[in-house]
Amino acid sequence: MEFKDVLALRHSVRKYTDQPIDRAILDEMIDEALLAPSSKNTKTSGFLIVEDRSTLEALSEMREHGSGLIKGAAAAIVVLGDTTKTDLWEDNCAISATYLLLSATDKGLGSCWVHCAGRPRSKEDPSKGSAEDYVRELLGVKDEYRILCIVALGYPAE
């Protein structure tokens with residue numbers, strides 16, 4: 001697919017089929033996201049691939065609104081930033097996550113960016129904490145990493 005076609009076809013997909021994604025495709029997506037530019041070439045973005053159904057369901061509960069679609073995804077990629085290398089981790093992660101979204105489109109996958117950093121689990125009940133802390137504890141993410149977003153992936157149902 002030509003790059004201009006990828007750009008034209010890219011859109012958020014929130015409903016997926018049950019078809020699994022071959023692990024080689026997910027690994028290739030990570031390889032492509034690692035090519036993303038970063039501040040002073042610090043390469044501070046990291047990724048966690050989640051394919052386990054129960055973990056996807058748990059991730060879908062990170063927020064009361066906007067994360068439920070993860071439950072129906074075939075896989076998800078958690079986008080992390082190493083805060084020990086630069087204070088621009090968030091910018092670097094955003095570029096890397098965009099590469100993931102474009103790579104998914106190129107491979108015939110649907111994708112949706114689900115924001116995590118700075119989001120509360122509940123707008124009505126602050127005692128539930130942050131989405132990021134929830135995901136950090138669920139996946140055992142080290143303190144020096146921040147979690148920008150989760151990219152939900154699957155073959156589009158529509």
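Further up the page is the structure itself.
Residues numbered from 1 in each chain as written. Predicted model: local features only at pLDDT ≥ 70, side-chain atom pairs only at ≥ 80, totals over all residues. Heavy atoms only, no water.

Asks: What exactly am I supposed to notice about the side chain of Thr44 here?
Replies: Relative to the assigned elements, Thr44 resides in the loop between α2 (23-33) and β1 (45-50). Aside from chain neighbours lying at most four places away, what touches Thr44 is Leu80, Gly81, Asp82, Lys85, Thr86, Trp89 and Asn92. (Helix = DSSP H or I, 4+ residues; strand = E, 2+ residues; numbered from the N terminus. Contact = heavy atoms within 4.5 Å.)

Asks: So what exactly am I meant to see when it comes to the state of the cysteines here?
Replies: Among covalent bonds in proteins, the disulfide is the one between the sulfur atoms of two cysteines. In this structure the tally under the stated criterion is zero disulfides. Among the cysteines around Cys112, which has no disulfide bond, Cys149 carries the closest sulfur, lying 10 Å off. Judged by its relative accessible area of 3%, Cys112 falls in the buried class. In this structure Cys116 is a free cysteine whose sulfur lies 8.4 Å from that of Cys149, the closest cysteine sulfur available. The exposure class of Cys116 is buried, given its relative accessible area of 0%. (Disulfide = S-S within 2.5 Å. Buried < 20%, exposed > 50% of the residue type's maximum accessible area, 1.4 Å probe, protein only.)

Asks: Is there a simple way to think about a nonpolar patch on the surface in this case?
Replies: On the surface, Leu35, Ile95 and Tyr99 cluster together into a nonpolar patch covering about 280 Å² of accessible area. Inspection of the secondary structure assignment puts Leu35 in the loop between α2 and β1. Owing to a relative accessible area of 63%, Leu35 belongs among the exposed residues under this scheme. (Patch = residues over 30% accessible without salt bridge, like charges linked within 9 Å, V, L, I, M, F, W, Y side chains within 5 Å. Areas by Shrake-Rupley, 256 points an atom, 1.4 Å probe, with all protein chains shown as cover. Salt bridge = Lys/Arg side-chain N within 4 Å of Asp/Glu carboxyl O.)

Asks: For this particular structure, what's the right way to read α2?
Replies: The periodicity of an α-helix, 3.6 residues per turn, causes residues three or four places apart in sequence to face the same way. Leu26, Met29, Ile30 and Ala33 are the residues of α2 that are buried. Projected down its long axis, α2 carries its buried residues within an arc of 100°, all on one side. For α2, the secondary structure elements touched by its buried residues are β1, β2 (75-82), α4 (89-106) and β4 (145-154). At the N-terminal end of α2, a side-chain oxygen is found 2.7 Å from the backbone nitrogen of Ala24, two or three residues along, and the residue is Asp22. (Arc of directions from axis to C-beta. Polar contact = N/O pair within 3.5 Å; in protein donor to acceptor, adjacent residues only side chain to side chain.)

Asks: Would you explain empty space enclosed by the protein in this entry?
Replies: Unfilled space is identified by rolling a water-sized probe across the atoms. Inspection of every chain in the model, using the stated rule, returns one cavity of 30 Å³ or more. When its volume is computed, the largest cavity comes out at roughly 60 Å³. Around the largest cavity sit Ala33, Leu34, Ala36, Pro37, Ser38, Lys43, Thr44, Ser45, Asn92 and Ser96, which together line it. Of the residues contributing to the lining of the largest cavity, the split by class is four nonpolar, five polar and one charged. (1 Å grid on protein atoms, 1.4 Å probe; cavity = no way out; pocket = protein on both sides within 12 Å on 5 of 7 lines; lining within 4 Å. Points joined across faces, edges and corners; volume = space filled by probe spheres on them. Nonpolar A, V, L, I, M, F, W, Y, C, P; charged D, E, K, R; others polar.)

Asks: Please clarify how the sheet that holds β2 should be interpreted in this entry.
Replies: The four strands lie next to each other as β1-β2-β4-β3, forming an open sheet whose pairing is antiparallel. With one partner strand each, in any of the chains shown, β1 and β3 (110-115) form the two edges of the open sheet. Averaged over neighbouring strand pairs, the angle between their axes works out to 25° when direction is ignored. Two elements, β1 and β2, share six bridges in a ladder whose sense is antiparallel. When the sheet's bridge partners are listed, Gly46 is paired in β2 with Leu80. With respect to the sheet, α2 is in contact with β1, β2 and β4, its orientation differing from that of β1 by roughly 170°. Across the sheet, helix α5 (residues 131-139) touches β1, β2 and β4, and the angle it forms with β4 is around 80°. (Pairing = 2+ DSSP bridges. Axes fitted to C-alpha atoms, helices over the stretch in contact; angles between N-to-C directions.)

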